[in-house]
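Each chain, written out:
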Amino acid sequence: MSLFFETGRAVVLTLVLAFACNLAPADAIAGDWRFGTADDGLVTASLHATNKLITGGGALSYSPVLTIACRAGEPRWTEWLQLNDAVSASRKITMSVAVDGDKFDESWSVGSRGRMLVLDGADAIKRLVSASRLSLSWRFGLLSGRGQADFDLAGFEEAVEQIAGNCHIDPP
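Small disclaimer: the values here were computed from a predicted structure and weren't measured.

Let us now look at the overall build of the protein. Broken down by element type, the protein carries four helices and 11 strands. Taking all contacts inside the protein whose residues are at least 6 apart in sequence as the whole, residues at least 24 apart take part in 54%. Taken as a whole, the protein presents about 10,000 Å² of accessible surface, with 55% of it coming from carbon and sulfur.

Here it is, written out as structure tokens:
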């Protein structure tokens, strides 16, 4: 009986803290998005892919991470895909993109040690605002095969609005 009361007390305390800190509404709006703000003013929202990529000879798997970002006071948007395995391209890579089934190719920049694929501009974000699914596909290298990352974009529009508010810029 005392276990029942202790469990109930813990649940009530958790709910009170969540509402007092205003965490419950943000999580309800944002879905699986994770928000962050860096010391240099970079504001981000990140989402893990719904699928896994195999790495390390098949011993490990991971979900690529899609991040959208802006920097406080700068009217510039960026989108990037974070990988654990590097691509062999040095500057640009052709990304096959499917947004709610509409397929097209885009040229993305290769970032930090080949483990980040970057697309700058508000148009990159704008194309996803009303979308529900995003699929990205790319070549790791000439002989290395292809990678693919699939994303459920639930909460994307709300995430963009929250980031835009924190950056003090208009959403795309």
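After that view of the structure, there is still more to cover.
To continue, consider the packing of aromatic side chains. A complete count under the given rule lists two aromatic pairs for this structure. Look at Trp138 and Phe140: their rings are 5.8 Å apart centre to centre, the planes differ by 70°, and that puts the pair in the edge-to-face class. For the pair shown, Trp138 and Phe140 are each scored as buried.

Attention shifts here to the pairing of strand 8 (residues 102-110). Pairing analysis gives eight bridges linking strand 7 (residues 92-99) to strand 8, with the strands arranged antiparallel. Opposite Val97, over in strand 8, you have Phe104 as the bridge partner. Adjacent in sequence and paired antiparallel, strand 7 and strand 8 are bridged by two residues, among which Asp100 carries a positive phi angle near 50°. The pairing of strand 8 with strand 9 (residues 116-120) spans two bridges and is classified as antiparallel. Residue pairing for strand 9: Ser109 is matched across the bridge by Val118. Between strand 8 and the antiparallel strand that follows it, strand 9, lie five residues; Arg113 among them carries a positive phi value of about 50°.

Before going further, it helps to examine the sheet that holds strand 9. Strand order in this open sheet of nine strands is 1-2-5-6-9-8-7-10-11, and the pairing throughout is antiparallel. Edge positions in the sheet fall to strand 1 (34-37) and strand 11 (145-152), since each of these pairs with one other strand and no more. Each neighbouring strand pair of the sheet contributes to a mean axis angle of 30°, computed without reference to strand direction. Bridge analysis of strand 6 (residues 74-82) against strand 9 gives five bridges, and the strand direction is antiparallel. What sits directly across from Trp80, in strand 9, is Val118.

A few words on unusual backbone geometry. At Asp100, a position not held by glycine, the phi torsion is positive, near 50°. In this structure Asp100 comes out as partly exposed when scored by relative accessible area, which is 39%. If you check the backbone angles, His168 has positive phi at about 60° while not being a glycine.

Right, let's talk about the nonpolar core for a bit. One finds Leu81, Leu117, Trp138, Phe151 and Leu153 to be the most contacted residues of the largest nonpolar core, which totals 40 residues. The dominant element in this core, judged by the number of residues it contributes, is helix 4 (residues 156-167), at six residues. In contact with Phe151, other than residues within four places in its own chain, are Leu47, His48, Ala49, Thr50, Pro64, Val65, Leu66, Leu81, Ser132, Arg133, Leu134 and Leu136.

Applying the stated criterion across every chain, the model contains one disulfide. With its sulfur 1.9 Å from that of its partner, Cys70 forms a disulfide with Cys167. Handedness of the Cys70-Cys167 disulfide follows from its S-S torsion of about 100°: it is right-handed. Of the two residues, Cys70 sits in strand 5 (residues 65-71) while Cys167 sits in helix 4, which places them 97 residues apart along the sequence. Of the two residues, Cys70 and Cys167, neither departs from the other in class, the shared state being buried.

How each quantity is defined
- Residues numbered from 1 in each chain as written.
- Predicted model: local features only at pLDDT ≥ 70, side-chain atom pairs only at ≥ 80, totals over all residues.
- Heavy atoms only, no water.
- Helix = DSSP H or I, 4+ residues; strand = E, 2+ residues; numbered from the N terminus.
- Contact = heavy atoms within 4.5 Å.
- Areas by Shrake-Rupley, 256 points an atom, 1.4 Å probe, with all protein chains shown as cover.
- Phe/Tyr/Trp six-rings, centres within 6.5 Å; stacked < 30°, edge-to-face > 60°.
- Buried < 20%, exposed > 50% of the residue type's maximum accessible area, 1.4 Å probe, protein only.
- Pairing = 2+ DSSP bridges.
- Axes fitted to C-alpha atoms, helices over the stretch in contact; angles between N-to-C directions.
- Core = buried A, V, L, I, M, F, W, Y, C linked by side-chain atoms within 4.5 Å.
- Disulfide = S-S within 2.5 Å.

The values reported here are purely geometric and, on their own, carry no functional implication.
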